[in-house]
Amino acid sequence: SSLAGIMLLEVLLVLGTLLIYFLFSKKKEETLPFKDGWWGRGQKPVTKEDSSIRPFKVETTEEELSDLFRRLDQARFTEPLENSCFHYGTNSVHLRKIVSYWKNQFNWKKQVEVLNKYPQFKTKIQGLDIHFVHVKPPRLPEGQAAKPLLMVHGWPGSFYEFYKIIPLLTDPASHGLGDEHIFEVICPSIPGYGFSEAPQKKDFNSVSAASVFYELMLRLGFNEFYTQGGDCGWLICTNLAQIAPNHVKGLHLNMVLFSKLGLTHLLSILLGSYFPGLFGFQDEDVRRMFPFLKKGLYRILSESGYAHIQATKPDTVGCGLNDSPVGLAAYILEKFSSWTDMEFRNLEDGGLERKFSLDDLLTNIMIYWVSGCIVSSMRFYKENLQKGIGTQKHEKLTVQVPTGIASFPNEILHTPQAWAKKKYTNIVSFHFMPRGGHFAAFEEPELLAKDILQFVDKVEKGQVWKKK
Amino acid sequence: ESMLSRIRAFEYSQKNAVLVPVAALGVGGVLLCWLRSGHKIKTIDMGDGWWGSGERPLKGKEDASIRPFKIETSDKEIEDLHQRLDRFRFTPHVEGAAFHYGFNSTYLRKVVAYWRNQFDWRKQVEVLNKYPHFHTTIEGIDIHFIHVKPSYVPHGRAVRPLLMVHGWPGSFYEFYKIIPLLTEPAKHGLNEGDVVFEVICPSIPGYGFSEAPHQREFDSIATARIFHKLMNRLGFKEYYIQGGDWGSRITTNMAQMLPQSVKGLHLNLVFIARQSLGKLIRTMLGAYVPWLVGFTREDARRFYPFMQKNVYDVLRESGYLHIQATKPDTAGCGLNDSPVGLAAYILEKFSTWTDKSFLHQDDGGLESKYSLDELLTNVMIYWVTSTIVSSMRYYKENFSKDPDLSAHNRIGVYVPTGIAAFPQEIVHIPRVWAKDVYKNIITYSYMPSGGHFAAFEEPKLLAQDIMQFVQKVEQL
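Residues numbered from 1 in each chain as written. Chains lettered and ligands numbered in written order. Predicted model: local features only at pLDDT ≥ 70, side-chain atom pairs only at ≥ 80, totals over all residues. Heavy atoms only, no water.

Residues and elements named next belong to chain B. Positionally, Thr-377 belongs in helix α15 (residues 372-385). Here the side chain of Thr-377 touches Asp-373 through a polar contact of 2.6 Å, landing on its backbone oxygen. The contact partners of Thr-377, leaving out residues within four places of it in the chain, are Phe-119, Trp-121, Gln-124, Leu-128 and Tyr-173. (Helix = DSSP H or I, 4+ residues; strand = E, 2+ residues; numbered from the N terminus. Polar contact = N/O pair within 3.5 Å; in protein donor to acceptor, adjacent residues only side chain to side chain. Contact = heavy atoms within 4.5 Å.)

The next subject is a nonpolar patch on the surface. A grouping of Leu-3, Ile-6 and Met-7 of chain A together with Leu-277, Leu-280 and Met-284 of chain B is seen on the molecular surface, where their side chains present a nonpolar patch of about 520 Å² in accessible area. Counting only elements with at least two residues in the nonpolar patch, the list comes to α1 (2-24) of chain A together with α9 (277-286) of chain B. Within the fold, Met-7 of chain A resides in helix α1. (Patch = residues over 30% accessible without salt bridge, like charges linked within 9 Å, V, L, I, M, F, W, Y side chains within 5 Å. Areas by Shrake-Rupley, 256 points an atom, 1.4 Å probe, with all protein chains shown as cover. Salt bridge = Lys/Arg side-chain N within 4 Å of Asp/Glu carboxyl O.)

Right, let's get into the sheet that holds strand β1 (residues 66-69) of chain B. All names here are of chain B. Overall, mixed pairing links the nine strands, which are arranged β1-β2-β3-β5-β4-β6-β7-β8-β9 in an open sheet. Each edge of the open sheet carries a strand with a single partner, namely β1 and β9 (441-446). For this sheet, the mean angle separating the axes of adjacent strands, direction not counted, is 25 degrees. The pairing of β1 with strand β2 (residues 133-138) spans four bridges and is antiparallel. By the bridge assignment, Ile-66 is partnered in β2 with Thr-136. Sitting on the sheet, helix α20 (residues 459-474) is in contact with β4 (158-165), β5 (195-202), β6 (239-243), β7 (262-267), β8 (417-421) and β9, with an inclination near 150 degrees to β7. (Pairing = 2+ DSSP bridges. Axes fitted to C-alpha atoms, helices over the stretch in contact; angles between N-to-C directions.)

Moving on, we come to the UniProt feature "domain: Epoxide hydrolase N-terminal" (unreviewed entry) in chain A. Summarizing the sequence annotation, UniProt attributes the feature "domain: Epoxide hydrolase N-terminal" (unreviewed entry) to residues 53-162 of chain A in the numbering used throughout. As a span, residues 53-162 of chain A carries 30% helix and 22% strand, and end to end its C-alpha atoms are 21 Å apart. (UniProt positions renumbered as here; feature names shortened; annotations may be inferred.)

The tally for this structure, following the rule as stated, stands at 66 aromatic pairs over all chains. Ring geometry for Tyr-370 of chain B and Phe-456 of chain B: centres 5.3 Å apart, planes at 25 degrees, overall stacked. Within this pair, whereas Tyr-370 of chain B is found in the loop between α14 (339-352) and α15, its partner Phe-456 of chain B is found in helix α19 (residues 454-457), the two being separated by 86 residues in sequence. Tyr-370 of chain B sits in the buried class, given a relative accessible area of 4%. In this structure Phe-456 of chain B comes out as buried when scored by relative accessible area, which is 2%. Over the aromatic face of Phe-442 of chain A sits the side chain of Lys-164 of chain A, whose NZ or CZ is 4.9 Å from the ring centroid. (Phe/Tyr/Trp six-rings, centres within 6.5 Å; stacked < 30°, edge-to-face > 60°. Buried < 20%, exposed > 50% of the residue type's maximum accessible area, 1.4 Å probe, protein only. Lys NZ or Arg CZ within 6 Å of the ring centre and 35° of its normal.)

In this section: the pairing of strand β9 (residues 427-432) of chain A. All names here are of chain A. Relative to β9, strand β8 (residues 403-407) is paired through five bridges, and the arrangement is parallel. Looking at β9, one finds that Thr-403 is bridged to Ile-427. For the segment spanning β8, helix α18 (residues 417-423) and β9, crossover handedness is right-handed. (Right-handed = clockwise from strand over helix to strand, strands pointing away.)

Here, the word disulfide means a covalent bond between the sulfur atoms of two cysteines. Counted according to the given criterion, the structure contains zero disulfides over all chains. Cys-319 of chain A supplies the cysteine sulfur nearest to Cys-333 of chain B, a cysteine that is in no disulfide, at a spacing of 15 Å. Overall, the relative accessible area of 8% leaves Cys-333 of chain B in the buried class. (Disulfide = S-S within 2.5 Å.)

Here we take up the UniProt feature "active site" (unreviewed entry) in chain B. Residues and elements named next belong to chain B. UniProt's entry tags Asp-245, Tyr-395 and His-452 with the feature "active site" (unreviewed entry), counted in the numbering of this structure. A relative accessible area of 10% places Asp-245 in the buried class. Contacts of Asp-245, omitting those with residues within four sequence positions, involve Gly-167, Trp-168, Leu-269, Phe-271, Trp-353, Tyr-395 and His-452. Among the polar contacts made by the side chain of Asp-245, one reaches the main-chain amide nitrogen of Trp-168 at a distance of 2.8 Å. Tracing the backbone through its elements, the reader meets Tyr-395 in helix α16 (residues 388-399). The contacts of Tyr-395, once residues within four sequence positions are left out, are Trp-168, Tyr-207, Asp-245, Trp-246, Tyr-320, Leu-321, Gln-324, Ala-325 and Ser-400.

A separate point is the interface of chain A and chain B. At the interface, 61 residues of chain A touch 59 residues of chain B. Here chain A packs against chain B, burying approximately 5300 Å² in sum over the two surfaces, 49% of which is carbon and sulfur. Taken as a group, Arg-76, Tyr-88 and Lys-313 of chain A account for 17% of the area that chain A buries against chain B, more than any other trio of residues on that side. Run the count over chain A and chain B and you get three salt bridges. (Buried area = accessible area lost by both parts, 1.4 Å probe.)

As annotated by UniProt and renumbered to match this structure, "domain: Epoxide hydrolase N-terminal" (unreviewed entry) occupies residues 66-175 of chain B. End C-alpha to end C-alpha, residues 66-175 of chain B measures 21 Å, and it is 30% helix and 24% strand.

This part is about the pattern of salt bridges. One pass over the structure, following the stated rule, counts 48 salt bridges over all chains. A salt bridge links Glu-95 of chain B to Lys-201 of chain A, with the nearest nitrogen and oxygen atoms 3.0 Å apart. Of the two residues, Glu-95 of chain B is situated in the loop between α3 (75-86) and α4 (105-117) and Lys-201 of chain A in the loop between β5 (183-188) and α6 (206-219); the pairing between them involves two chains. Assessed through its relative accessible area of 27%, Glu-95 of chain B is described here as partly exposed. Across the pair Asp-48 of chain B and Lys-229 of chain B runs a salt bridge, and its minimum N-O distance is 3.2 Å. Remark: Lys-229 of chain B occurs in helix α7 (residues 220-233) and Asp-48 of chain B occurs in the loop between α2 (12-39) and β1; sequence separation between them is 181 residues. Judged by its relative accessible area of 48%, Asp-48 of chain B falls in the partly exposed class.

What follows is about the packing of α6 of chain A against helix α7 (residues 232-243) of chain A. When two helices pack together, their arrangement is given by the angle between their axes and by how far apart the axes lie. Residues and elements named next belong to chain A. It is at 8 Å that the axes of α6 and α7 come closest, and there the two elements cross at 65 degrees. Between α6 and α7, the interaxial angle falls into the category roughly perpendicular. Handedness of the crossing formed by α6 with α7: right-handed. Side by side, α6 and α7 meet where Ser-206, Val-207, Ala-209, Ala-210, Ser-211, Phe-213 and Tyr-214 of the first sit next to Leu-235, Ile-236, Asn-239, Leu-240 and Ile-243 of the second. (Parallel < 35°, antiparallel > 145°, perpendicular 65-115°, else oblique. Left-handed = near helix turned anticlockwise from the far one by under 90°.)

Among the nonpolar cores identified, the biggest contains 267 residues, and Trp-155 and Ile-165 of chain A together with Trp-168, Leu-182 and Phe-197 of chain B are the most heavily contacted of them. With residues up to four places along the chain from it excluded, the contact list for Ile-165 of chain A reads Met-151, Ala-441, Pro-445, Leu-448, Ala-449 and Ile-452 of chain A. (Core = buried A, V, L, I, M, F, W, Y, C linked by side-chain atoms within 4.5 Å.)

Structure (structure tokens):
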């Protein structure tokens, strides 16, 4: 009975601490400081950095192609276990089919022309050559200005993910989306991804990326702009809104992750399916989140192996992937399967071509391959996660900028509005999208574009009221 | 007082008639229970399995022949390897990375240069073939093993069979230095009593030259059963078993499955999966009053600070485990296609798991404990057999199930057990915790130096510990 007494005391102590923490841990409203840095090799030069904006075109060579084909020809596959579908990862029988298409039908030269259809540029910021796409609207009605919109990709994606949604935003009228709001879209590559130079120094995290993109937008002459993102883009755009709330007119997200599990979170996980109203859950929230073990905990465990190893040993895990295009494809395609729909793991072909064309999937992979950026792309996880989740300053600060959230049903984890509003204190719109998964812009460009438009509409009208 | 008088009032013969048989029944009942509980040891069900491709053949007995086997290579194999090494695409590391981001790519270039220009695979194949190799088919798959008998047995010495099981990312090759110390101890200055061993080192199915299972759910229990069948087929009824890493779990399962066949179990790594509130409390108290919870001073030194050594370090080092236990086919795909990628992935473990401080060194401290020839020979075993993916699947098959339901966590180990606790092992398990599972610990030694790959790194220390353990068991 003394042991039970000790146990009870411990439980009470823990609960008491949680309670005190919960009561006193109101998130602070200060801004996040801009993070300056020099990420090039060696010492920062004394001379002023070249701030010119240079046009850029993706190129390829015969040598690049023949090297790729030789590697594809000599790929060594391992037979999958019987009846394993995509449960053990990318199924190598299906992978062989994709590699065959890659060798025989995929036309990289043609895809390079597709990539070059939008104007691309490079400019040096904080010692790094930053690559970005900049698309202006083809036509503007009299008296209307294009609204600048910064869209940030994630991992294992790239600027290419936005190629289908860009026309819907720069020329909405031609796509039946009205012409009240027309955008000029800027899609940079995160440093270390695609054609943006990789940082050569430690500690380049999401706040660094947000600072670099902030400088980019200022350099392009934008004083006020919208930002949009999912995956790493969610984090970078959030940081940008925390660094420069006076410049970010609106923040639109297609993914939100919660980094702190407080007492209310725990209680709502335990009791949320029985008393949804009590915790601010809507029916759709309950449908997407529960049973929590299956849709929350097990999903996190079964899908986060890649994040765990990339956050601890990126140079090890990326090494082979930069040497074997087939290995790279297997690693990246697995995400385009399970993060589009978790049920795709039960399919022999991983459901890959149900939502994407092989050309699109392979073009994204080729961006990682020809730029050799897989290792540096993985380092981003370590720089952000190495001190643990929930420990960094920006995770403790809130966001006051008007925020719009498009919540897709097949996103890896569902965050209800009740939880999101603890961090995003000014949620202007929160919608449950009818279909679509993690790669929203790639998979459901029209749904996402519509949600962005209605969000911007609300923000603009809200601003008008404020001005009045 | 009144009760006593009442009992005395009972007539003597009546008392005898009732009390004595009742007492006899009572004592007899207690005795029976005690006897049964003492001798009734729970074991793991042996079960059966079929791991070949397709359906199990209904007719015919399995071919039980034991076929000698020699490892071979070819010009084509070496040429292909060289071409891949030549066209490796290298990524520069960030400044000051050492081994903190994983395998340092500057050092990797040096390793690749050695591999391409100085490493002689044909010569290493001859080294591998110096011990006799065999294949035999069990449960539908070809099991590879080496079997080394002492060339000379002095008069009066007994030869004990010893099964040694490797782990990941190791192989049977890890035992090449320790084998002569166990089969011919006198020649190497080890005179630990009368025991001399004949050593059997199999390859876990899916590793090296053992065929990979074609069916799902091939776990450590299936492996344990297959290794028992192997020893049986070799004519052994009772034997010693030794293991670290997966070998520790497999040999533990073997002891739980057929304790009557296992004379002694020796481990250089202890897996403890079950946590409990009691253990948590003992852990917290142990930091301040180790003697109260049964920790020795050395336990406390190796075990604390708790968060650093058992949580942060483990989280930092277990990314590979997480991805292999969930998406092995993805994780291994590129590694089976890029030998340099494979080497980086495997050799990173030989650095960090040998000594945690090697993380701070630009070359990962690899060549301070091993030669490049040895390290690359182990990597080549994974490369030439294309077994990296199947070796990773073992993690998924073993960790997928709810740990509390797995048999071996609930069943204790009653065979005589010896534990060699190496100081640089990834996690230190004190004796008092090991006792939760291993009920019959005969020896528990704090080794003076060495890490995870004990047999590879400190063969003499390990051999001495095995021998003194076996000595003690023989005297029981």
